[in-house]
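What the coordinates show
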Amino acid sequence: MNLELRHLRYFVALAEELNFARAAARLNMTQPPLSQQILQMEAEIGAALFVRGRRPLRLTAAGLDLLEDARRLLTHADSVMDNARRAARGERGTLVVAFIIGALPRLLPNLLNRYRAQYPGVRIDLREMVSPLQCEALASGEIDVGVMRPMEKQPAIRTLELVREEMLLALPHSHTLATRTFLNAEEVCHEPFIAFSNTSARYFDDIAQRFFRQASKLPEVVQVANQLYTVLALVAGGIGVALVPESARHMAFPNVAFVRLAADEALHASLVLGWNELSPPEPVLEHFIAIASASMPSVQPLI
C-alpha cells in the first residue's frame, strides 16, 4: 500500500473526532471502509496509530507524531491545489510586459494600476524595450505583451490602439519660435534638427519625413537618437529642435517649449498594445488585454 493524501485525510478526521462513526460521517463514507483504511495505514507504518478498546479513542505516540505532519502536508496540498486553480483563472502567475519610454508618463502606470487592482496575485515583469525589439521578443515568446509604437504588419502580432496623440515641435524655451502658436514645415526646415533613428525609431522618422515633404528642403540633421528622453534632453541642451508626441509634455524637461504643427496632413502618433496571437492563450494575458481594451476611453485623455 502506498500512502496517499486521502489516507492522511481519513487519519486526520479520525484523530480529530476520536470516533469512527463521526469521522465516517464527516468524510461522507461508511464506517467499515474507514476502519479498513486505518488498519491498512497502521500495517504500512508498522505501528498502531490509535489505542482501541476504550472510549473515546486515544492516539498513540506514533499517531500524535503523524497528526502534526499530516496536518502540515494536507495544508500544503490544499495550498498547492488552490494556487493551481488561481493560476488557471489568471489570478496568479507572471506577466512579462515590455514598454517604450513614451508609455511611461501616464499611460503605462494607469494601465498597471488597473490590472494590479483586479489581479494583485500576478507578478508583473517590466522590461524597457524599443518597438522593433518588442516585436522580435513577442515572436520568440520572450515577452507576453508590449506597449509600443505601431510597426510594419507582423503575421503573428495583433495590436490594439490605446492612444492617438498629436505631434508637436519641441524646441529650446529661449528659441525665437517658442512663442508661436503654430509652425509649418517651411519654417522648421531651416532649424538644426534632432532626428529619431530610422532603424530603432523608424515610426517617428517616417512621421518627420511626411512633415518635411511640405517644405522646400529637408532640415540639417545635427543629431540622431533612439529614445524620446534622449531627444528631449538634446533639445533642452540647445542642440536643435525635434518632432515629438504630445506625451513629451509630461516628461518635465526644463527649458523645452512645445508648439503645434500646421500641416496639410494631421500628424499623430499612436501607442498600441501588442501580443502574439499564435501563442497558447494564457489567462493573465487575456485579463490584461481585456482591461486595456475596457480602459481605452478613460486612458486616452491621460496621455
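This one's a predicted model, so the numbers in the text were calculated from it and none came from an experiment.

A few points about the overall build of the protein
- Secondary structure assignment for the protein yields ten helices and twelve strands.
- For the protein, whose C-alpha radius of gyration is 32 Å, the value lies well above the compact-globule estimate of 19 Å for 303 residues.
- Projected onto its principal axes, the C-alpha positions of the protein cover 105 × 40 × 30 Å.
- In the protein, which comprises 303 residues, the share counted as buried stands at 44%.
- Put simply, 74% of the contacts in the protein that link residues at least 6 apart link residues at least 24 apart.

A word on the packing of aromatic side chains
- Considering all chains together, one arrives at eight aromatic pairs under this definition.
- A centroid spacing of 5.4 Å and a plane angle of 40° characterise the contact between tyrosine 115 and tyrosine 119, whose relative ring orientation is tilted.
- Judged by its relative accessible area of 1%, tyrosine 115 falls in the buried class.
- With 5.1 Å between their ring centres and 85° between their planes, phenylalanine 193 and phenylalanine 212 make a pair best called edge-to-face. Of this pair, phenylalanine 193 sits in strand β8 (residues 193-196) while phenylalanine 212 sits in helix α8 (residues 202-212), and the two are 19 residues apart along the sequence.

Regarding the nonpolar core
- Residues Phe212, Leu232, Leu243 and Val244 are the most contacted members of the largest nonpolar core, which totals 42 residues.
- If you list the elements that add at least two residues to this core, you get β6 (157-172), α7 (185-188), β8, α8, α9 (228-236), β10 (242-245) and β11 (256-262).
- If you tally residues by element for this core, the top one is α8, at six residues.

Topic: helix α4 (residues 61-88)
- For α4, built from 28 residues, the straight-helix expectation of 40 Å at 1.5 Å per residue is met to within 8% by its first-to-last C-alpha distance of 41 Å.
- Inspection of α4 places Gly63, Leu66, Leu67, Ala70, Leu74 and Ala77 among the buried residues, and these make up the whole buried set.
- One or two positions beyond α4, positive phi appears at glycine 90, with a value near 80°.

Here we look at the packing of helix α1 (residues 5-17) against helix α3 (residues 31-45)
- It is the contact of α1 with α3, at a shortest axis distance of 10 Å, that shows an interaxial angle of 110°. When the axis of α1 is compared with that of α3, the two are roughly perpendicular. Contact residues: α1 offers Arg6, His7, Leu8, Tyr10, Phe11 and Leu14, while α3 offers Leu34, Gln37, Ile38 and Met41.
- In the contact of α1 with α3, the residues fall into seven nonpolar, two polar and one charged.

Quick look at the environment of isoleucine 207
- Tracing the backbone through its elements, the reader meets isoleucine 207 in helix α8.
- Counting along the chain gives 60 residues from isoleucine 207 to leucine 267, while the straight-line C-alpha distance between them is 7.1 Å.
- If near-sequence neighbours (up to four positions away) are discounted, isoleucine 207 is found in contact with Met167, Leu267, His268 and Ala269.

Some remarks on the pattern of salt bridges
- Using the criterion set out here, one finds 17 salt bridges in the structure.
- One salt bridge in this structure joins arginine 26 and glutamate 17, with 3.2 Å as the shortest N-O distance.
- By relative accessible area, which is 41% here, arginine 26 ends up partly exposed.
- The class for glutamate 17 is partly exposed, based on a relative accessible area of 23%.
- Taken together, the shared-partner salt bridges connect Glu16, Glu17, Arg22, Arg26 and Arg71 into one network.

Some details on the packing of α1 against α4
- Here α1 crosses α4 at 125°, and the two axes come no closer than 9 Å. Classed by the angle they form, the pair α1 and α4 counts as oblique. Every pair of crossing elements has a handedness; the one defined by α1 and α4 is left-handed. Contact residues: Leu5, Leu8, Arg9, Phe11, Val12, Ala15 and Glu16 in α1; Gly63, Leu66, Leu67, Ala70, Arg71, Leu73, Leu74, Ala77 and Asp78 in α4.
- Grouping the amino acids of the contact of α1 with α4 by side-chain chemistry returns eleven nonpolar, one polar and four charged.

Here's the deal with the environment of histidine 173
- Along the chain, histidine 173 turns up in the loop between β6 and β7 (182-184).
- Its relative accessible area of 54% is what places histidine 173 among the exposed residues.
- Taking the C-alpha atoms as reference, histidine 173 lies 9.1 Å from valine 235; in sequence the two are 62 residues apart.
- Not counting the four nearest positions on each side in its chain, histidine 173 is found in contact with Ala178, Asn255, Val256 and Ala257.

Some details on the confidence of the model for the protein
- For the protein, the average pLDDT comes to 90, and 97% of its residues sit at 70 or higher.
- Mean pLDDT values for the elements of the protein range from 82 in helix α10 (residues 283-299) up to 97 in β8.
- Considering only residues more than four positions removed or in separate chains, one finds that residues 298-303, a stretch of pLDDT under 50, has 16 contacts.

Points about the pairing of strand β4 (residues 122-128)
- Where strand β3 (residues 93-99) meets β4, seven bridges bridge the pair, whose relative direction is parallel. By the bridge assignment, leucine 95 is partnered in β4 with isoleucine 124.
- Running through helix α5 (residues 107-118), the crossover from β3 to the neighbouring parallel element β4 is right-handed.

Conventions used here
Residues numbered from 1 in each chain as written. Predicted model: local features only at pLDDT ≥ 70, side-chain atom pairs only at ≥ 80, totals over all residues. Heavy atoms only, no water. Helix = DSSP H or I, 4+ residues; strand = E, 2+ residues; numbered from the N terminus. Rg over C-alpha atoms; globule rule 2.2 N^0.38 Å. Buried < 20%, exposed > 50% of the residue type's maximum accessible area, 1.4 Å probe, protein only. Contact = heavy atoms within 4.5 Å. Phe/Tyr/Trp six-rings, centres within 6.5 Å; stacked < 30°, edge-to-face > 60°. Core = buried A, V, L, I, M, F, W, Y, C linked by side-chain atoms within 4.5 Å. Expected span 1.5 Å × (residues − 1). Axes fitted to C-alpha atoms, helices over the stretch in contact; angles between N-to-C directions. Parallel < 35°, antiparallel > 145°, perpendicular 65-115°, else oblique. Nonpolar A, V, L, I, M, F, W, Y, C, P; charged D, E, K, R; others polar. Salt bridge = Lys/Arg side-chain N within 4 Å of Asp/Glu carboxyl O. Left-handed = near helix turned anticlockwise from the far one by under 90°. pLDDT = per-residue confidence, 0-100. Pairing = 2+ DSSP bridges. Right-handed = clockwise from strand over helix to strand, strands pointing away.

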